Amino acid sequence: MKLSSSVFALLCLICEIVSIALFLRGFFPVPVKSSFSDKSKVSDFPAEPQTGSGPNSSKAPVSLFKRVVIVLIDAFREDFVFGSDGRRFMPYTRHVVERGSSHSFIAKARPPTVTMPRIKALTTGSIPGFIDVVMNLNSPALLEDNLIWQAKSAGKRIIFYGDDTWVRLFPKLFMEHDGTTSFFVSDYTEVDNNVTRHLDGTLKRDDWDILILHYLGLDHIGHISGPHSSLIGPKLMEMDDVIKKIHASLISKESEGTLPNLLVLCGDHGMSESGSHGGSSEPEINTPLVLISPAFRRKTGFEDPGVLEQVDLTPTLALGLGLPISKNSVGHLIPAVFEELSLREQLRLMQINGHQLSRLLQDSNPTFHNEDGYELFRVAEKSHGSWMKLYVDGNTSEVLSNMGKKVLKQYLEALKAMSSALSKQLGKYDMYSMIMGMIFVLQVLFLLLLAMPEALSREAVVDVPLASSLLSLPFYLLCLFGSALHVLVCTSAGGPCYLCSLPWVLVFTVILLSSALMCALVSMAARRMPTSNKTPTKGSNWTLSELDALLLIGTVGHTLSLASSSFIEEEHQTWYFLLNTLCLVVFQDVCRKYFREKRHRDKEEDEGPLLPSSAKEGRRESFSPVAELGMSPGSEKWLALATPLLTLTCCRLLRSLNQTGVHWAHLPDFGHWLNSGDHKAFLSVLAAVSLVLIFVLVQRHCSLVSKIALALGLLGVYSYCAAVGNVLFPWQHSSRAVSKGTVEARFVYVFVLGILFTGVKDLLHSQVMSSAVDSGRLKSRGLWEVYSGVVLLVALLFRAHNLPTLACCLLIQTVMAQFIWKKLHYDAAQTTIMHYWFGQAFFYFQGNSNNIGTVDISVGFVGLESYVEAPAIFLTALSTYAGPLLWACHLLCFLSSQRDRAVMGLGHGSYCFALLRSIPAVFYVVLVTSLRYHLFIWSVFSPKLLYEAMHTLITTAVCLFFTFMDQERLARP
């Protein structure tokens, strides 16, 4: 079966996407959960030692608090309370921490540090799977055992105000609730006012037991302008006033003979230096936890807060309210909360928590007997029984007290050890799905590699022996073997298995496809075996130039570097180095062409490259800066010589704009300097100059109507930045936001759609034109107009300080296309690899990293008044991958404009994109499989795996567009 290179590459990428999806389904494990489907009950409590087997031996402990108020502030960093900001902006809270009846801790949140998984951790005590970062956008109801359900079952009356994620997770469990949308990050005022407006009335009422408040404004400010914004201080002061009001009300409600109240101040996650979250940096995982109650001893001064896990709050609140601990909780109680209780009561609470953890450990780990924590708990239980025997006998000596403290210490060590063991286990992998997904992606990669000579030949056609494979005996044997293996795995699998839950017809189709691919691979490999009488195929003999060697070694070397967690965290450094090296090699090629090989220039132009181009025709029809600027033709070589140096200069400046990675992300950069209030005027000038440069570089390929639309659209972009307070108009004197920028953004969207419509219309019109020359010219213009519309949309989504990144991207594309790729006659494969490298580098120039915390979700709400899932996801993905996408679109436009190259160039470009994306994706799938128990698997490797999967999906969409435009190749018989 013969396929064009573009169609072949597209089909390979589609298979790869399905394979990666299957691998991800198996890799992200099911969180540790008890096999018992029911919830914890009071009857599950263990009997207290030496108290017999009567009904009171296993009764629940009494509630220690009458009312509990939980104030959860989204993106609440620990330094906002315990650092200098706490002293400045939260004076009342800081006073209570230093002098009040309180306990203060730094609660560590496990990645992913996004809201929904953190709420699940706080209420269930379990550590959610990393895939919950995807479910964060549409949270389903939480069915597993949790604190809210236990409180409701015990008759507690619960009121909730705030993030509507709680309402979706716990439907019908709140006596009263008012949810606010958590994803509309442009609003940081009303979203909190809608919570506080209920406060006065609710605090005066006596018909509730638990009040939960989830404030979102601080998180939204972080997404908009970062943790050092001028908006942070007023918001922290607002939160301090809320704490003061609640604390005063709880104190006034207390009276003699009643149980004390408890106020809990906490955060779900922190905030990175860029204002986002999702990763594992210290500012993202460290959150404050302040417990305030008259039941605690009053402090005499500031003490360094202790460090604990965020999940430790769940069993603490459960036992403090006299409730059973959730079955899947991996946390241990906080001893300081119960230190005022009698020794017997403290030991009883420790025993209950230890019994719950030991049961979970037994249920989730077949080798639980080998765990140190389990053995420690058994020893502590025996010691507890000995202590209770003395206590029941009426022994009141100091020996009993010392022995009790020793047992308490044994219990605490056992709880910490079992909690740590359960936390490290996290979940169970679906190895069957992982291995099958890995086999499929390996088959796709080998298929791409074996097809390379044909895919990059002059014909750009790949002969895949798929039909003959279906009639071969090995194919049927492989199908039989695969079916037998599937039955064997599904009947003996003790853990979760996704493939075993699928319909048999679908699984058998997958087995057929895998078997056919394996047979096709063997046939193609046999066809590539060298023979003595084999005649070389026309156009398939290549020579490896210095540039080819660099591109090959650089791509493979970068892929191998991903085996280290540090290289993943600082991957941008690798791309910066490769880009600098590429510029130096190109500089060497320019020198060779214009200086060392001056005598042979005419001969070289006659011979042409591997993929020939009509140089004379290209000079007549394409834009030439030399002719436009009125320079002499002799100055062309100096402009070509300056191009790699200009590229190096731009790249060095862009590196200083956004600090990314992990180890040095906290260091100040030029972007922070621009976004500070004192330099708003300079940022305004820089943004305006960048927009003017964007217009000059993009408009030259557009029609008059598109040029006008582009100019008005870029003016709308500046107006939007001014409306949200990022830049200033000359007549403005205040940098405060005028509005949310909704009208201005929609104004730009109109022109984006207009330009895209004009470009698509030209592309469709070019398909029905009879003249090949006119059709090619109209097709090229249509592509450039579509590209211009994408550039305008990206300019709207970028933050003001990132507009120079977009301008430099377009500038490098222009000079490289005019003076390097055209003049040095690089073939389509070389040009594609260079575009890919530039796209990867600009991904990091934007400020992105392999940390989910650098994803700017605020762009998903540009021009929207409320959260709409589909456009929010699309805009966020487009903004995140703007660099690779713009370079891929430019490659499509560039290859299409080169008429003699376009016949085979689009197919070659599509194939190279597929191969370049498959190599790191396959390598990374194999890597995470072998390192699935690595210490940094969830904090470093899992986010990178999600980035690779998303990048592969976007590359598939790009190759789909390449295939659509490759009409001349598809029409050829």
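Every chain is numbered independently, its residues counted from 1 as its sequence is written. Local features in this predicted model are restricted to residues of pLDDT 70 or higher, and side-chain atom pairs are both shown and tallied only at a pLDDT of 80 or more, whereas totals for entire chains, interfaces and linings draw on every residue. The side-chain figures draw on all heavy atoms in the structure; neither hydrogens nor water molecules are used.

Draft legend 1. Fine view of the state of the cysteines. Cysteine sulfur atoms are paired as a disulfide whenever they come within 2.5 Å of each other. Under the counting rule described, the total for this entry stands at one disulfide. Paired by a disulfide, Cys 490 and Cys 500 hold their sulfur atoms 2.1 Å apart. In this structure, the disulfide formed by Cys 490 and Cys 500 twists by about -90 degrees around the S-S bond and is classed as left-handed. Here Cys 490 is found in helix α21 (residues 473–492), whereas its partner Cys 500 is found in the loop between α21 and α22 (504–528), with ten residues between them in sequence. To sort residues, take the accessible area from a 1.4 Å probe on protein chains only and compare it with the maximum for the residue type: under 20% means buried, over 50% means exposed, and anything in between is partly exposed. Taking the relative accessible area as the measure of exposure, Cys 490 reaches 28% and is therefore partly exposed. The partly exposed category is assigned to Cys 500, whose relative accessible area is 27%. You can see Cys 15 has no disulfide; the closest cysteine sulfur is in Cys 12, sitting 6.6 Å from it. Note on Cys 702: no disulfide assigned, nearest cysteine sulfur contributed by Cys 893 at a separation of 9.8 Å. The class of Cys 702 is buried, set by a relative accessible area of 8%. Numbering goes from the N terminus for both helices and strands, where a helix is a DSSP run of H or I of at least four residues and a strand is a run of E of at least two.

Draft legend 2. Spatial organisation of the environment of Ile 221. Residue placement: Ile 221 occurs in helix α11 (residues 217–225). Given a relative accessible area of 0%, Ile 221 falls into the buried group. Between the alpha carbons of Ile 221 and Gly 275 there is a distance of 7.9 Å; along the sequence they are 54 residues apart. In this analysis, two residues are considered to be in contact whenever any of their non-hydrogen atoms come within 4.5 Å of each other. Once you skip the residues sitting within four places of it in the chain, Ile 221 turns out to touch Tyr 188, Gly 226, Ser 229, Leu 231, Ile 232 and Lys 235.

Draft legend 3. Broad picture of helix α36 (residues 828–845). With 18 residues, α36 should reach 26 Å at 1.5 Å per residue; the first-to-last C-alpha distance of 25 Å fits that figure. Most of α36 sits inside the fold, with 18 of its 18 residues counted as buried. Any pair of N or O atoms that falls within 3.5 Å is considered a polar contact. Within protein, one atom must be able to donate a hydrogen and the other to accept it, and sequence-neighbouring residues count only if both atoms are side-chain atoms. For α36, the N-terminal capping position is held by Asp 827, with its side-chain oxygen 2.9 Å away from the main-chain nitrogen of Ala 829. Looking one or two residues beyond α36, the residue adopting positive phi is Gly 847, at roughly 105 degrees. To estimate how far a helix should extend, the number of its residues minus one is multiplied by 1.5 Å.

Draft legend 4. Quick look at the side chain of Thr 880. Take Thr 880: it is sitting in helix α37 (residues 869–880). For Thr 880, a relative accessible area of 6% puts it in the buried group. Among residues more than four places away in sequence, those in contact with Thr 880 are Phe 843, Gln 846, Asn 848, Val 855 and Tyr 947.

Draft legend 5. Layout of the confidence of the model for the protein. Confidence per residue, as judged by the predictor, is encoded in pLDDT with a range of 0 to 100. When pLDDT is averaged along the protein, the result is 83; 85% of the residues meet or exceed 70. The low-confidence segment residues 603–630, where pLDDT is below 50, has 38 contacts with residues more than four positions distant or belonging to other chains.

Draft legend 6. Empty space enclosed by the protein, seen in detail. Cavity means a closed set of points on a 1 Å grid over the protein atoms alone, one where a 1.4 Å probe fits but cannot get out, pocket means an open set with protein on both sides within 12 Å along at least 5 of 7 lines, and lining means a residue has an atom within 4 Å of a point. Grid points are joined across faces, edges and corners, and a volume is the space filled by probe spheres set on the points. Applying the stated criterion to the full structure yields 15 cavities of 30 Å³ or more. Computed from the structure, the second largest cavity encloses a volume of approximately 140 Å³. Considering the residues around the second largest cavity, the lining is formed by 15 residues, among which Ile 70, Leu 147, Ile 148, Ile 212 and Leu 317 are closest to the centre. Counting only elements with at least two residues in the lining of the second largest cavity, the list comes to β3 (68–73), α5 (115–124), α7 (147–153), β7 (210–215) and α14 (313–320). Within the lining of the second largest cavity, the residues separate by chemical class into 14 nonpolar, one polar and no charged. The classification used treats Ala, Val, Leu, Ile, Met, Phe, Trp, Tyr, Cys and Pro as nonpolar, Asp, Glu, Lys and Arg as charged, and all other residues, Gly among them, as polar.

Draft legend 7. Highlighting helix α29 (residues 636–657). If you check α29, its first and last C-alpha atoms are 31 Å apart, about what 22 residues at 1.5 Å a residue would give, namely 32 Å. In the structure, α29 departs most strongly from a straight axis at Thr 643, where the bend amounts to approximately 30 degrees and where the proline Pro 644 lies between one and four residues downstream. Within α29, the full set of buried residues consists of Glu 636, Ala 640, Leu 641, Thr 643, Pro 644, Thr 647, Cys 650, Cys 651, Leu 654 and Leu 657. Bend, in this description, refers to the angle at a residue between axes fitted to the seven residues ending there and the seven starting there.

Draft legend 8. Up close: the sheet that holds strand β6 (residues 176–180). A pair of strands is considered paired only if DSSP assigns at least 2 bridges between the two. Ordered in space as β6-β5-β7-β3-β8-β9-β4-β10, the eight strands form an open sheet in which the pairing is mixed. Where the open sheet ends on each side, the last strands, each with one partner, are β6 and β10 (306–309). On average, adjacent strands in this sheet sit at an angle of 15 degrees to one another, irrespective of strand direction. Here seven bridges tie strand β4 (residues 102–108) to strand β9 (residues 286–292), and the two strands are oriented antiparallel to one another. Of the residues in β9, the one forming a bridge with Ile 106 is Pro 288. Axes here mean lines fitted to C-alpha atoms, for a helix over just the part in contact, with angles spanning 0 to 180 degrees between N-to-C directions. Helix-sheet contacts for α14 involve β3, β8 (262–266), β9 and β10, and the interaxial angle to β8 is about 170 degrees.

Draft legend 9. How the structure looks around the nonpolar core. The nonpolar core is taken to be a set of buried Ala, Val, Leu, Ile, Met, Phe, Trp, Tyr and Cys residues, with the residues joined through side-chain atoms within 4.5 Å. Phe 8, Phe 27, Ile 694, Leu 792, Trp 821 and Tyr 911 are the most contacted members of the largest nonpolar core, which totals 150 residues. Among residues more than four places away in sequence, those in contact with Ile 694 are Leu 714, Val 791, Leu 803, Leu 806, Ala 807 and Leu 810. Among the nonpolar cores identified, the runner-up in size contains 70 residues, and Leu 64, Ile 127, Leu 169 and Leu 349 belong to it.

Draft legend 10. Molecular detail of a nonpolar patch on the surface. Taken together, the side chains of Leu 704, Ile 708, Leu 712, Leu 715 and Phe 747 define a hydrophobic patch exposed on the protein surface, amounting to about 490 Å² of accessible area. In terms of residue count, helix α32 (residues 704–723) provides more of the nonpolar patch than any other element does, four residues in total. Locating Phe 747 in the fold gives a position in helix α33 (residues 742–766). Like-charged residues are merged into a patch within 9 Å and nonpolar side chains (Val, Leu, Ile, Met, Phe, Trp, Tyr) within 5 Å, provided each residue has over 30% relative accessible area and no salt bridge. Under the convention used here, a 1.4 Å probe and the Shrake-Rupley method define accessible areas, while residue burial counts only the protein chains that appear. Only one rule defines a salt bridge in this text: a Lys or Arg side-chain nitrogen within 4 Å of an Asp or Glu carboxyl oxygen.

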